[in-house]
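Observations on the three-dimensional arrangement
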Amino acid sequence: MKSWEEKWRPFGGRVAEKRPGMLRWERRFAGTPDQVGAARTFVTQLFADVPIADNAAWVTGELATNAIRHSASGRPKGTFTVALYRWPTFGEIHVIDAGGPKEPRLPERDPVETALAEESDLPESGLGLYGIGALAGRYGTYRHRDGSRVVWARLRFAA
């Protein structure tokens, strides 16, 4: 199994418009909590015929929630966008938010194991990104010149 350092990679933000076998969908959502479920449904419907549909919906829900909580997407009239890329053997979920002061950071250690070992409460943040790291073959983040941020995860259709 790859370590989190090997899987967390910057992604240049460029996907060729014409790649054989690639499909792409994109949808913008209001930056409100009720739209997280709509984003999950969007992903579930487009990945319904592959075994990652449930995991992809969960990843989307985590990333959409983070976009609303930790970026300008959660402000009044804010939005976030979900872009899906599908190749024959894997899918990628990209959640584009309006940017914020901090970058997403994956915990270096399993937060549940750490809390149990230290006999402390679970942390209030970082669990979702750690879960995404466990599911994704690769994942990362990058910023656009306009300040918006993309957090993405790649999920393979088969082990």
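Just so it is clear, the model here is predicted, and its values are computed rather than measured. (Residues numbered from 1 in each chain as written. Predicted model: local features only at pLDDT ≥ 70, side-chain atom pairs only at ≥ 80, totals over all residues. Heavy atoms only, no water.)

Another point: the nonpolar core. Ranked by internal contacts, the top residues of the largest apolar core, which has 28 residues, are Phe47, Phe80, Val82 and Ile93. Element by element, the count of residues in this core is highest for helix 3 (residues 53-70), at 7 residues. If near-sequence neighbours (up to four positions away) are discounted, Val82 is found in contact with Trp25, Glu26, Arg27, Phe29, Ala39, Phe42, Val43, Thr60, His94 and Val95. Core analysis: the second largest hydrophobic core is formed by 9 residues, Met22, Ala83, Trp87 and Trp152 among them. (Core = buried A, V, L, I, M, F, W, Y, C linked by side-chain atoms within 4.5 Å. Buried < 20%, exposed > 50% of the residue type's maximum accessible area, 1.4 Å probe, protein only. Helix = DSSP H or I, 4+ residues; strand = E, 2+ residues; numbered from the N terminus. Contact = heavy atoms within 4.5 Å.)

Okay, the sheet that holds strand 3 (residues 90-97) next. Pairing in this open sheet of 5 strands is antiparallel, and the strands run 1-2-3-5-4 from one edge to the other. Looking at the sheet topology across the chains shown, the edges are occupied by strand 1 (23-30) and strand 4 (138-143). Averaged over all neighbouring strand pairs, the angle between strand axes comes to 15°, with direction disregarded. Pairing between strand 3 and strand 5 (residues 149-156): 8 bridges, direction antiparallel. Along strand 5, the bridge assignment pairs Glu92 with Arg154. On top of the sheet, helix 2 (residues 34-46) reaches strand 1 and strand 2 (79-86); it is set at about 165° to strand 1, its chief contact. Against the sheet, helix 3 makes contact with strand 2, strand 3 and strand 5, and its axis sits at roughly 15° relative to strand 3, the strand it touches most. (Pairing = 2+ DSSP bridges. Axes fitted to C-alpha atoms, helices over the stretch in contact; angles between N-to-C directions.)

So, about the side chain of Arg154. With respect to the helices and strands, the residue Arg154 is situated in strand 5. In contact with Arg154, not counting residues within four places along its chain, are Phe90, Gly91, Glu92, Ala136, Gly137 and Arg138.

A word on helix 2. Among all positions in helix 2, only Gln35, Val36, Ala39, Phe42 and Val43 are buried. Around the axis of helix 2, the buried residues are gathered within 120° of arc, so they sit on the same side. Away from its buried face by more than 90 degrees, helix 2 exposes Asp34 and Gln45. Lining the buried residues of helix 2 we find strand 1, helix 3 and strand 2. (Arc of directions from axis to C-beta.)

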